[in-house]
Amino acid sequence: MFGQGLIKGLQITWGRMFDKKQTVKYPFEKIEMFPRYHGRFELDVDKCIACGLCANACPNKVIQLEKEKVDKKQFLTKYIMRIEYCLFCGLCVEACNKDALKFSNIIDMNQYRRSWVRLTLVDRPAPEPTETPEEETPAKEAKSEAAAGQAPGKEG
Amino acid sequence: MKTETYTLNLGPQHPSTHGVFRIILELDGETVVKATPVPGYLHRGIEKLAEARTYTQVIPYTDRMDYMAAMLMNWGYVAAVEKLMDIEVPERAEYVRVIVGELSRIASHMIATGAYGGDIGALTAFTYTFRDREYVLDLLEMVSGSRMTFSYFRIGGVAADLPEEFFPAVRKFLGELPAMCDEYDGLITGNEIFQARTKQVGIITPEMGINYSLSGPTLRGSGVNYDLRKVRPYGIYDRFDFDVPLGQNGDCFDRFRIRIDEMRQCKRIIEQALDQIPEGPIMAKVPKVIKPPVGDAYAEVESSKGVYGCYVVSDGSPKPYRVHFRRPSYINLGYLGKLCEGWKIADVIAILGSIDIVLGEVDC
Ligand code: SF4
Ligand code: SF4
């Protein structure tokens, strides 16, 4: 009989009408994300040795880090993520073998202005060296090294 | 009576073009005399970008082709590189790939089903399939951490093992899947108005389908039994028992219907994979810096849209010399111009929707 299919469809929608709601009122209510969720980045500054592996692993050159040599140790002074170019692929987190860089499950990274999107994870001055520095040059060298580390390969 | 034809521009900002796709229609009254598809509005040059990335860094870009079934896009690429380097993928990783790949296929077919309903005018169907797709995305998020662009495959395996909580969740979802498919059938497939709009519309004959190199549900809707998973099994697909749904008439209705049937088959494959999955490593022994030997390799997988192939050329450096993707949506579109001729404007929407294109893949 013509129309049977239409009636069946109506039955389904009527049946569903009194179902539990499937959506929540974001941003007043939030759904808990799964533990592996690729949300906002977190950096454990104490664990990070400023090796630059994460910056090298990134396909989009999102991570910019600067370091200075203090007492024969690399000191991370700046760790900035140009999050607007991030693919949230997780290659950087995978590359970090000090377990310093991690994803959190914070999802709201939206901002009113584009310039606010940039994620500054570390921005601090290098501490005064305890021993007297022999010369200025080593720190400078380390800096240019870091700059080279952020630019893997040629521009696509 | 002497009549003149006129030109109508359809898209690129038209909801039924599934993205930014444009068709220039030459019309005689309401009948299409000539249809000229204009792709390219979403071109990002992924193949070119790949040349400036290391082999692993290309993986996130493949996600951005068919973002409806990103797992399958990853698969084609890593399969090509693995072939080039002669890497044996561990058993468990193969099973994980099948499970997430088939889940991705279900998610993609849900979109195809719902969006097609929306194209024809049954917008309710759209909300139903999208609700259910979220359950699949939950599962994939549990595994990979992302809901759409997973970047979960790695050269030699997968990024992480399946978490404990995944197994009961996927079993629960698979238990509900037949009821979901029945619901779509009741809502859309059985609807007489829908049938009147799609049956005997946009018929692709098996010969034409083969001549135009169509693949996937678009070809199988015409009754051609060609599914890579069956005819040339890759990975471990020869270990599973499943059927390939086929259409009879090659019309829009058949192409639509077999996608729902395919979802039911995906359920069978995943269940078998869950039963058989062995313990073991999920990554092969792969050097830290991936440097394939000089040469080239081509690998294909059956994506949700058809045969997805990837061709990789290596010059021995850590970056690919050339990467090319055979994107099924793009090739399936090749027949669109001819297919639309002689049909009415409204049928053009029905025909385009039934091919199930995704513009990220068409333009690449
Ligand atoms: S998630 Fe991917 S794109 Fe984003 S910073 Fe990490 S490596 Fe780069
Ligand atoms: S890879 Fe880890 S330790 Fe090295 S710079 Fe990045 S976050 Fe720091």
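Coordinates for the structure precede this section.
Residues numbered from 1 in each chain as written. Chains lettered and ligands numbered in written order. Predicted model: local features only at pLDDT ≥ 70, side-chain atom pairs only at ≥ 80, totals over all residues. Heavy atoms only, no water.

S.K.: I tried to follow the site of ligand 2 on my own but got confused; where do I start?
M.R.: The local shell around ligand 2 consists of L43(A), C48(A), I49(A), A50(A), C51(A), G52(A), L53(A), C54(A), L65(A), C96(A), K98(A) and L101(A). Taken together, the residues of the shell around ligand 2 sort by class into 10 nonpolar, 1 polar and 1 charged. (Near = heavy atom within 4 Å. Nonpolar A, V, L, I, M, F, W, Y, C, P; charged D, E, K, R; others polar.)

S.K.: Even after reading the chapter, I still don't get the side chain of R97(B), so can you show me in this structure?
M.R.: Residue and element names in this part refer to chain B. Considering the arrangement of structural elements, one finds R97 in helix α4 (residues 91-120). For R97, the side chain forms a polar contact with the main-chain oxygen of R154, separated by 3.2 Å. If we ignore the near neighbours within four places in the chain, the residues touching R97 are W75, V78, E82, V89, F153, R154, G156, G157 and V158. (Helix = DSSP H or I, 4+ residues; strand = E, 2+ residues; numbered from the N terminus. Polar contact = N/O pair within 3.5 Å; in protein donor to acceptor, adjacent residues only side chain to side chain. Contact = heavy atoms within 4.5 Å.)

S.K.: Can you walk me through the pairing of strand β2 (residues 22-28) of chain B in this structure?
M.R.: On a regular strand, each side chain points to the face opposite its neighbour's, so the side chains alternate between the two faces of the sheet. All names here are of chain B. Only one face of β2 is covered, namely the face carrying I23, L25 and L27; the face carrying R22, I24, E26 and D28 is uncovered. In this structure, strand β1 (residues 6-10) lies alongside β2, joined through 5 bridges in antiparallel fashion. Within β2, the residue paired with N9 across the bridge is I24. Note that β2 and strand β3 (residues 31-38) share 7 bridges and pair antiparallel. (Buried < 20%, exposed > 50% of the residue type's maximum accessible area, 1.4 Å probe, protein only. Pairing = 2+ DSSP bridges.)

S.K.: What am I meant to see in the interface of chain A and chain B here?
M.R.: Interface size is often expressed as the accessible area that is lost when the parts come together. Listed as interface residues are 33 residues of chain A and, on the opposing side, 36 residues of chain B. Taken together, both faces of the contact between chain A and chain B bury some 2700 Å²; the carbon and sulfur share is 54%. Its largest share of buried area at the contact with chain B, chain A owes to F34(A), R36(A) and L87(A), together 24% of the area lost on that side. Summed over the shared surface of chain A and chain B, the result is 2 salt bridges. Close ionic contact of E94(A) with R154(B) constitutes a salt bridge, the shortest N to O distance being 2.7 Å. At the surface where chain A touches chain B, the tally comes to 18 residue pairs in polar contact (both at pLDDT 80 or more). When contributions to the side of chain A that touches chain B are tallied by element, the ones reaching two or more residues are α1 (4-17), α2 (53-57) and α3 (91-95) of chain A. (Buried area = accessible area lost by both parts, 1.4 Å probe. Salt bridge = Lys/Arg side-chain N within 4 Å of Asp/Glu carboxyl O.)

S.K.: Just to check I follow, could you spell out the environment of V201(B) for this structure?
M.R.: Residues and elements named next belong to chain B. Checked against the element boundaries, V201 lands in the loop between α7 (192-198) and α8 (206-211). Looking at V201, the relative accessible area reads 6%, which means it is buried. Taking the C-alpha atoms as reference, V201 lies 9.5 Å from V348; in sequence the two are 147 residues apart. If we ignore the near neighbours within four places in the chain, the residues touching V201 are D251, C252, R255, W343, D347 and I351.

S.K.: Looking at this structure, I do not really get the sheet that holds strand β2 (residues 63-70) of chain A. What am I missing?
M.R.: Residue and element names in this part refer to chain A. Taken in spatial order, the 3 strands of this open sheet run β2-β3-β5, and their pairing is antiparallel. Edge positions in the open sheet fall to β2 and β5 (119-123), since each of these has one partner strand only. On average, each strand axis in the sheet is tilted by 20 degrees relative to the strand beside it, whichever way the strands run. Here strand β3 (residues 73-81) runs beside β5; their pairing, made up of 4 bridges, is antiparallel. Following the sheet pairing, M81 is matched in β5 by L119. (Axes fitted to C-alpha atoms, helices over the stretch in contact; angles between N-to-C directions.)

S.K.: Just to check I follow, could you spell out the site of ligand 1 for this structure?
M.R.: F41(A), C58(A), P59(A), V62(A), M81(A), C86(A), L87(A), F88(A), C89(A), G90(A), L91(A) and C92(A) make up every residue found near ligand 1. A per-class count over the shell around ligand 1 returns 11 nonpolar, 1 polar and no charged.

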